[in-house]
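# Architecture and fold: a report
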Amino acid sequence: MGPTHAMSGATAGLVMATLLPPEWGGPTSIAGTFVFVSVTAGAALLPDLDSPQATIARSFGPASQVLARVTENTAQLLHTATRSPKDARRHNGHRTATHTLLFAVLTGLATGAATTAFGKSAAIAILFVTLGLALRGLFPNWSKKNDWFLVTGLAAVLAYATWTQLPESASPVALGAAVTVGVLTHLLGDMITKRGVPLFAPLPIGGRRWYDVRLPSLLRITASGPADRLLLAACTAAVLVLSYLTVFDPAALGIAWAGR
Ligand SMILES: [Zn+2]
């Protein structure tokens, strides 16, 4: 599901780039749009940090493996500590705390706050992580062929170049908005797969704090089945079309770039 999450994150990023006003973090240039889209694509992998088997856990070698274990265990502890008697026990933390609207909002706010407080170093660190994840998710075959430290090195170079060449695309509000959009896209993607996600946790619904929100069974698809591949193909096509329009025919999207 990793590549599908990343590609749907890129699609959502391209759509939001045309809809979000600049004061809400919307990009103001073509280059800024692609930074925004890369961050949404990478952030769309973040919720699965609660699963040591996921793409994200393998993205930065041993460091992300350890972080995934810690996240999984913390998420399970949170679930155990807050669940109501009606909530089923969980044997691991997957699809709990990091699969909520609260997580989507908090990660965006934390991104904005860190960039405001620490400036350059925080912006580069956030770009490094999200661009690295975008490389993994959007180009899975390429990054599988190369050692994780080569992909990691490329992410570092891209992050630094973005900060020096396009500082406005790494502003607190732009990075925060892109991270939240990416996480929300992941939640939507998981909702249309079998189990659903506890979108509104810890708000109680029908006596449960971890009520899984899911689509009617007819509309649900099986993760990594043929429907997942179809979704990946559809998102890839959407990304190609929207990217083409962004660069060559922005008027068709209702955008008039002030700069380039
Ligand atoms: Zn997930």
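Higher on the page you've got the structure.
Scope of this entry: the structure provided in the associated data block. Everything numeric in this text was worked out from a predicted model, so none of it was measured.

Rules behind the numbers
- Residues numbered from 1 in each chain as written.
- Predicted model: local features only at pLDDT ≥ 70, side-chain atom pairs only at ≥ 80, totals over all residues.
- Heavy atoms only, no water.
- Donors = N, O, S within 2.8 Å, 3.2 Å for Na, K, Ca; no water.
- Tetrahedral: all angles 85-135°; square planar, octahedral: opposite > 155°, others 65-115°.
- Helix = DSSP H or I, 4+ residues; strand = E, 2+ residues; numbered from the N terminus.
- Core = buried A, V, L, I, M, F, W, Y, C linked by side-chain atoms within 4.5 Å.
- Buried < 20%, exposed > 50% of the residue type's maximum accessible area, 1.4 Å probe, protein only.
- Contact = heavy atoms within 4.5 Å.
- Expected span 1.5 Å × (residues − 1).
- Polar contact = N/O pair within 3.5 Å; in protein donor to acceptor, adjacent residues only side chain to side chain.
- Salt bridge = Lys/Arg side-chain N within 4 Å of Asp/Glu carboxyl O.
- Phe/Tyr/Trp six-rings, centres within 6.5 Å; stacked < 30°, edge-to-face > 60°.

## Examining the coordination of the zinc ion
Note on the zinc ion: its protein donors are Asp-48 (OD), His-99 (NE2), His-186 (NE2) and Asp-190 (OD). The metal-donor distances range over 2.0 to 2.2 Å. For the zinc ion, the four donor atoms in the first shell make angles of 90 to 171° at the metal, a pattern classed as irregular. Mapping the donors of the zinc ion onto the primary sequence gives the spacing D-x50-H-x86-H-x3-D. Residue His-99 is found in the loop between α3 (61–82) and α4 (101–118), and its partner Asp-190 is found in helix α8 (residues 172–191); the two are separated by 91 residues along the sequence.

## Side note on the nonpolar core
In this structure, Val-39, Leu-46, Ile-56, Leu-127 and Leu-175 are the most contacted members of the largest nonpolar core, which totals 30 residues. When residues in this core are grouped by element, the largest group, six residues, is from helix α5 (residues 120–138). In this view, Leu-127 contacts Val-35, Val-39, Gly-132, Ala-159, Thr-162, Trp-163, Ala-170 and Leu-175; residues no more than four positions away in its chain are not counted. Among the nonpolar cores identified, the runner-up in size contains nine residues, and Met-7, Leu-14, Cys-235 and Val-239 belong to it.

## Some points on unusual backbone geometry
Note the cis peptide between Ala-201 and Pro-202, where omega equals 5°. Relative to the helices and strands, Pro-202 resides in the loop between α8 and α9 (226–248). In this model, Arg-95 sits at a positive phi of 60°, which is unusual for a non-glycine residue. As for its placement among the helices and strands, Arg-95 is situated in the loop between α3 and α4.

## Side note on helix α2 (residues 30–43)
When the terminal C-alpha atoms of α2 are compared, their 20 Å separation across 14 residues agrees well with the 20 Å that a helix rising 1.5 Å per residue should span. The buried fraction of α2 is high, at 10 of 14 residues. Of the residues making up α2, those classed as buried are Gly-32, Thr-33, Val-35, Phe-36, Val-37, Val-39, Thr-40, Ala-41, Gly-42 and Ala-43. Those residues of α2 hidden inside the fold are in contact with α1 (2–19), α5, α7 (148–165), α8 and α9. For α2, the N-terminal cap is Ser-29; the gap from its side-chain oxygen to the backbone nitrogen of Gly-32 is 2.9 Å.

## Quick look at the pattern of salt bridges
One pass over the full model with this rule turns up two salt bridges. Here Asp-212 ties to Arg-90 by a salt bridge, and the two come within 3.5 Å at their closest N and O atoms. Taken together, the positions of Asp-212 in the loop between α8 and α9 and Arg-90 in the loop between α3 and α4 put the pair 122 residues apart, joining distant regions of the chain. With a closest N to O distance of 3.2 Å, Asp-190 and Arg-95 form a salt bridge. You can see Asp-190 sitting in helix α8 and its partner Arg-95 sitting in the loop between α3 and α4, a full 95 residues away along the chain. Taken individually, Asp-190 and Arg-95 each receive the classification buried, so the pair is uniform in this respect.

## So, the packing of aromatic side chains
The geometry of an aromatic ring pair comes down to the distance between the two centres and the angle between the two planes. Taken as a whole and judged by the stated rule, the model has three aromatic pairs. Judged by centre distance (5.9 Å) and plane angle (80°), the rings of Trp-148 and Phe-149 are edge-to-face. Given a relative accessible area of 37%, Trp-148 falls into the partly exposed group.

That is the geometry; function is a separate question.
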